[in-house]
Amino acid sequence: QVQLVESGGGLVQAGRSLRLSCAASGSIFSINVMGWYRQAPGKERELVASFTKGGSSRYADSVKGRFTISRDNAKNTVYLQMNSLKPEDTAVYYCNVVSTYGSSWWGQGTQVTVSS
């Protein structure tokens with residue numbers, strides 16, 4: 001099992017920044033992908049950004065150039081730096097971890113609210 005602890009959400013004004021963190025513990029020896037998803041009210045959960053153990057990253061088109069995902073393998077922690085936030089970024093953000101065997105775990109979610 002893998003436990004994920006998220007932090008860093010909150011309420012900010014449009015144009016400001018937030019940094020999310022997600023620390024993994026437990027059976028972490030097989031982690032391959034660490035990433036962030038978000039779910040806005042009435043919408044499906046969507047990928048925001050992900051980072052593989054090998055160093056490859058991918059981003060949703062809506063956040064490219066504004067968000068940056070990074071990963072500290074030694075600390076088993078993934079970060080999401082969110083700059084130039086927009087009201088449409090408002091959502092619950094979930095950390096996700098996928099093992100090399102295909103198992104997936106989710107964090108409890110952290111609310112990000114961007115006011116206009």
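Described in the following lines is the structure provided in the data block. (Residues numbered from 1 in each chain as written. Predicted model: local features only at pLDDT ≥ 70, side-chain atom pairs only at ≥ 80, totals over all residues. Heavy atoms only, no water.)

### Some words on the overall build of the protein
Looking only at helices and strands, the protein has zero helices and eleven strands in total. Each helix and strand of the protein, placed in order from N terminus to C terminus, yields the pattern β-β-β-β-β-β-β-β-β-β-β. Over its C-alpha trace the protein gives a radius of gyration of 13 Å, about what one expects of a compact globule, namely 13 Å for 116 residues. Taken across its 116 residues, the protein has 42% of its residues classed as buried. Within the protein, contacts between residues separated by at least 24 positions form 52% of all contacts whose residues are at least 6 apart in sequence. One way to put it: in the protein the 12 positive side-chain charges average out to a point 5 Å from where the 7 negative ones average out. (Helix = DSSP H or I, 4+ residues; strand = E, 2+ residues; numbered from the N terminus. Rg over C-alpha atoms; globule rule 2.2 N^0.38 Å. Buried < 20%, exposed > 50% of the residue type's maximum accessible area, 1.4 Å probe, protein only. Contact = heavy atoms within 4.5 Å. Lys, Arg positive; Asp, Glu negative; His and termini not counted. Charge placed at Lys NZ, Arg CZ, Asp CG, Glu CD.)

### Description of the state of the cysteines
Evaluated as defined, the whole model comprises one disulfide. Here C22 pairs with C95 through a disulfide, and the sulfurs are 2.1 Å apart. With the S-S bond torsion at -80°, the cross-link from C22 to C95 turns out left-handed. A residue pair is termed long-range when its members are at least 10 positions apart, and C22 in strand 3 (residues 18-26) and C95 in strand 9 (residues 91-99) qualify at 73 residues. Take C22: its relative accessible area is 0%, and that puts it in the buried class. (Disulfide = S-S within 2.5 Å.)

### Some points on the pattern of salt bridges
Counted according to the given criterion, the structure contains four salt bridges. R38 is the salt-bridge partner of E46, the closest N and O atoms lying 2.8 Å from each other. Overall, the relative accessible area of 6% leaves R38 in the buried class. Ionic pairing is found between R38 and D89, a salt bridge with its closest N-O pair at 3.0 Å. With R38 in strand 4 (residues 31-39) and D89 in the loop between strand 8 (77-82) and strand 9, this pair connects stretches of sequence that are 51 residues apart. Several salt bridges converge on common partners, so that one network encompasses R38, E46, R66 and D89. (Salt bridge = Lys/Arg side-chain N within 4 Å of Asp/Glu carboxyl O.)

### Things to note about unusual backbone geometry
For N76, which is not a glycine, the phi torsion comes out positive at approximately 50°. Here N76 is to be found in the loop between strand 7 (67-72) and strand 8. The buried category is assigned to N76, whose relative accessible area is 18%. Positive phi, normally seen in glycine, also occurs at S84, with a value near 50°. Along the chain, S84 turns up in the loop between strand 8 and strand 9.

### Brief notes about the packing of aromatic side chains
A complete count under the given rule lists two aromatic pairs for this structure. When the centroid spacing of 5.0 Å and the interplanar angle of 70° are considered together, the rings of Y37 and W106 count as edge-to-face. Of the two residues, Y37 is situated in strand 4 and W106 in strand 10 (residues 104-106); the sequence distance between them amounts to 69 residues. With relative accessibility at 24%, the residue Y37 sits in the partly exposed group. (Phe/Tyr/Trp six-rings, centres within 6.5 Å; stacked < 30°, edge-to-face > 60°.)

### Notes on the nonpolar core
One finds L4, W36, V48, F67, L80, M82 and Y93 to be the most contacted residues of the largest nonpolar core, which totals 29 residues. Elements that contribute at least two residues to this core include exactly strand 1 (2-7), strand 3, strand 4, strand 5 (46-52), strand 7, strand 8, strand 9 and strand 11 (110-115). Ignoring sequence-local partners within four residues, the contact set of L80 consists of L18, R19, L20, W36, V48, A49, F67, T68, I69 and Y93. (Core = buried A, V, L, I, M, F, W, Y, C linked by side-chain atoms within 4.5 Å.)

By themselves, these observations are geometric and do not establish any function.
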